[in-house]
Amino acid sequence: MPSMTALEREAVWMEEMCTGREDLLTDSKSDDDSDGGSSSEALLGRKTVRADGRKTRKQKQKQLERRLQEERKLLEKLEKQKLQDLYRLRSINREIRNQERELGDKQEAKKAKSVDQELKPKRLSQYAYEEPDIDLQLSDELAGSLRQLKPEGNLMRERFKSLQKRGVVETRKPAVSRRKYRLKEYTKRTHRIEDFDNMPGL
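Since the structure is predicted, the reported quantities are computational estimates derived from the model, not experimental observations.

### A word on the overall build of the protein chain
Part 1 of the argument: Counting its regular elements, the protein chain contains five helices and zero strands.
Part 2 of the argument: Secondary structure elements in the protein chain, listed N-terminal to C-terminal, are α-α-α-α-α.
Part 3 of the argument: Counting every position in the protein chain, which comprises 202 residues, the buried fraction comes to 4%.
Part 4 of the argument: Looking at the protein chain alone, contacts between residues at least 24 apart form 45% of all its contacts between residues at least 6 apart.

### Remarks on the confidence of the model for the protein chain
Part 1 of the argument: Across the protein chain, the average pLDDT comes to 78, with 76% of residues at 70 or higher.
Part 2 of the argument: Between the elements of the protein chain, mean pLDDT differs from a low of 48, seen in helix H3 (residues 36-44), to a high of 89, seen in helix H4 (residues 57-119).
Part 3 of the argument: In this model residues 34-44 is a low-confidence stretch, pLDDT under 50, and it forms two contacts with partners more than four residues away in sequence or in other chains.

### Some thoughts on a nonpolar patch on the surface
Part 1 of the argument: Taken together, Leu83, Leu86, Tyr87 and Leu89 make up a surface patch of nonpolar side chains, about 390 Å² in accessible area.
Part 2 of the argument: Within the fold, leucine 86 resides in helix H4.
Part 3 of the argument: Residue leucine 86 is classed as partly exposed on the basis of its relative accessible area of 38%.

### Notes on the layout of surface pockets
Part 1 of the argument: When its volume is computed, the largest pocket comes out at roughly 220 Å³.
Part 2 of the argument: Around the largest pocket sit 13 residues that line it, and Pro132, Asp133, Arg157, Glu158 and Lys161 are the ones nearest its centre.
Part 3 of the argument: The class makeup of the residues in the lining of the largest pocket is two nonpolar, three polar and eight charged.

### Remarks on a negative patch on the surface
Part 1 of the argument: Negative charge collects at one region of the surface, where Asp133, Asp135, Asp140, Glu141, Glu152 and Glu158 lie side by side.
Part 2 of the argument: By the secondary structure assignment, glutamate 152 is in the loop between H4 and helix H5 (155-166).
Part 3 of the argument: Look at glutamate 152 and you get partly exposed, because its relative accessible area is 38%.

### Concerning the pattern of salt bridges
Part 1 of the argument: Per the stated rule, a full pass over the model turns up two salt bridges.
Part 2 of the argument: Glutamate 131 is the salt-bridge partner of lysine 165, the closest N and O atoms lying 3.5 Å from each other. In this pair, lysine 165 sits in helix H5 while glutamate 131 sits in the loop between H4 and H5, placing the two residues 34 residues apart along the sequence.
Part 3 of the argument: Across the pair glutamate 170 and arginine 172 runs a salt bridge whose closest N-O atoms are separated by 3.1 Å.

So, how was this worked out
- Residues numbered from 1 in each chain as written.
- Predicted model: local features only at pLDDT ≥ 70, side-chain atom pairs only at ≥ 80, totals over all residues.
- Heavy atoms only, no water.
- Helix = DSSP H or I, 4+ residues; strand = E, 2+ residues; numbered from the N terminus.
- Buried < 20%, exposed > 50% of the residue type's maximum accessible area, 1.4 Å probe, protein only.
- Contact = heavy atoms within 4.5 Å.
- pLDDT = per-residue confidence, 0-100.
- Patch = residues over 30% accessible without salt bridge, like charges linked within 9 Å, V, L, I, M, F, W, Y side chains within 5 Å.
- Areas by Shrake-Rupley, 256 points an atom, 1.4 Å probe, with all protein chains shown as cover.
- Salt bridge = Lys/Arg side-chain N within 4 Å of Asp/Glu carboxyl O.
- 1 Å grid on protein atoms, 1.4 Å probe; cavity = no way out; pocket = protein on both sides within 12 Å on 5 of 7 lines; lining within 4 Å.
- Points joined across faces, edges and corners; volume = space filled by probe spheres on them.
- Nonpolar A, V, L, I, M, F, W, Y, C, P; charged D, E, K, R; others polar.
- Lys, Arg positive; Asp, Glu negative; His and termini not counted.
- Charge placed at Lys NZ, Arg CZ, Asp CG, Glu CD.

If you want it as structure tokens, here you go:
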């Protein structure tokens, strides 16, 4: 029996091991058919660079110029975006200042209103409190001495207004009764004079 070489032995061993697995067998055969250099390259995961695939100096220069141009365009775009953001920041700052100013004005108005509400008397009825008119004397009504000075105003009315202002008494107004129909006038029978000429005493 002639002796087998190492490659033949390996092929026989692979065939025996892959019995029933035709896909592995065909793969192993195709690997055997291919040359050893390509299999080693596939194992290493590298591609061979051939001399005919090299770029010329002109192609390299064009590629470098193209890359530089793209970088320049990207830089210009970034600068433009920065300028837009800067203008946007200015407008945002302006809007924020306007909003803060409006908010401050509203807060001041609210504070002034609250102070006014605190100073105003409480409303206890449907009528709001009205300040009474100040009683003043004209120059021709003034007297030369305090003894001859006439008292002005009504003390009772002033005390009542003071109670209303302090919220002790609710604000009131005098009730005015109005007639629904006009008052009908007629003369009573006892007061009626029928014959004016025949009246006694005339």
